[in-house]
Amino acid sequence: MTDKIEIDADIVRQAADFLSAARDKGELVATAESCTGGLLAATLTAVPGCSDVFERGFVTYSNTAKSEMLGVPYWLIEKHGAVSEDVARAMAGGALTHSNASLALAVTGIAGPDGGTPEKPVGLVHFAAGRPEGPMHHERVVFGDLGRAEVRRRSVERALSMLRSLL
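Model, not experiment: these values are computed from the prediction.

Caption draft 1: Up close: the overall build of the chain. From N to C terminus, the chain includes six helices and five strands. In the chain, the succession of helices and strands from N to C terminus is α-β-α-β-α-α-α-β-β-β-α. Taken over the C-alpha trace, the chain has a radius of gyration of 15 Å; the compact-globule value for 167 residues is 15 Å, and the two agree within 12%. A principal-axis box enclosing the C-alpha atoms of the chain has dimensions of 45 × 35 × 25 Å. Buried positions account for 48% of the 167 residues belonging to the chain. In the chain, 64% of the contacts between residues at least 6 apart in sequence involve partners at least 24 apart.

Caption draft 2: The arrangement of the layout of surface pockets in detail. The calculated volume of the largest pocket comes to roughly 260 Å³. For the largest pocket, the lining is made up of 18 residues, of which Y61, V83, G109, I110 and A111 are closest to its centre. When contributions to the lining of the largest pocket are tallied by element, the ones reaching two or more residues are α3 (63-70) and β3 (103-109). Of the residues assigned to the lining of the largest pocket, the class counts are six nonpolar, eight polar and four charged.

Caption draft 3: Main features of the pattern of salt bridges. For the structure shown, the criterion picks out 10 salt bridges. With a shortest N-O distance of 3.8 Å, R153 and D8 are connected by a salt bridge. Of this pair, R153 sits in helix α6 (residues 148-166) while D8 sits in the segment before α1 (9-24); the two residues are 145 residues apart in sequence, bridging distant segments of the chain. A salt bridge links R23 to D52, with the shortest nitrogen-to-oxygen separation between them at 2.8 Å. Placement of the pair is R23 in helix α1 and D52 in the loop between α2 (39-45) and β2 (54-59), with a sequence separation of 29 residues. What makes R23 partly exposed here is its relative accessible area of 32%. Within the structure, one salt-bridge network assembled from shared partners comprises D8, E150, R153, R154 and E157.

Caption draft 4: Region of interest: the environment of A82. Along the chain, the position of A82 falls in the loop between α4 (74-80) and α5 (85-97). A82 sits in the buried class, given a relative accessible area of 19%. Along the backbone, A82 and I110 are 28 residues apart, and their C-alpha atoms lie at a distance of 9.6 Å.

Caption draft 5: Quick look at unusual backbone geometry. Cis rather than trans, the peptide bond between G112 and P113 has omega equal to 5°. Structurally, P113 can be placed in the loop between β3 and β4 (124-130).

What counts and how
- Residues numbered from 1 in each chain as written.
- Predicted model: local features only at pLDDT ≥ 70, side-chain atom pairs only at ≥ 80, totals over all residues.
- Heavy atoms only, no water.
- Helix = DSSP H or I, 4+ residues; strand = E, 2+ residues; numbered from the N terminus.
- Rg over C-alpha atoms; globule rule 2.2 N^0.38 Å.
- Buried < 20%, exposed > 50% of the residue type's maximum accessible area, 1.4 Å probe, protein only.
- Contact = heavy atoms within 4.5 Å.
- 1 Å grid on protein atoms, 1.4 Å probe; cavity = no way out; pocket = protein on both sides within 12 Å on 5 of 7 lines; lining within 4 Å.
- Points joined across faces, edges and corners; volume = space filled by probe spheres on them.
- Nonpolar A, V, L, I, M, F, W, Y, C, P; charged D, E, K, R; others polar.
- Salt bridge = Lys/Arg side-chain N within 4 Å of Asp/Glu carboxyl O.

Written out as structure tokens, the structure is:
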């Protein structure tokens, strides 16, 4: 295995800062992850005491899981593809619907090394974050073909930054 994933100390510090700020505001957080495969949840849970803020995480790598666990309609996935703004928004909405969270973040993308197309290249990631009663924020980021581990690591960093901005 050449693309080793490690949760680096700087990202864990970012997670700890976010969790502390969320705790101060009485927030509960849920995540819905595809290309990161639970790395965001693992980063949040690397912080001692996270259980009073991190409500739950959904790892929905397959389209079936997105549909069954988060309620993402199959037709939406078929129309736009799993890596799309529409599906990211539906994933975040589903995480809110199927949890007690006051904040949710979803991430779906193409970490590589395969799976990219000219329209959706390796390194393309869609993020969506929001609250039950409020707008759903979306970001589309093309990290580039940096290697699977680096795309996933940068996705976790961006997700933490996006969550922080909701506070």
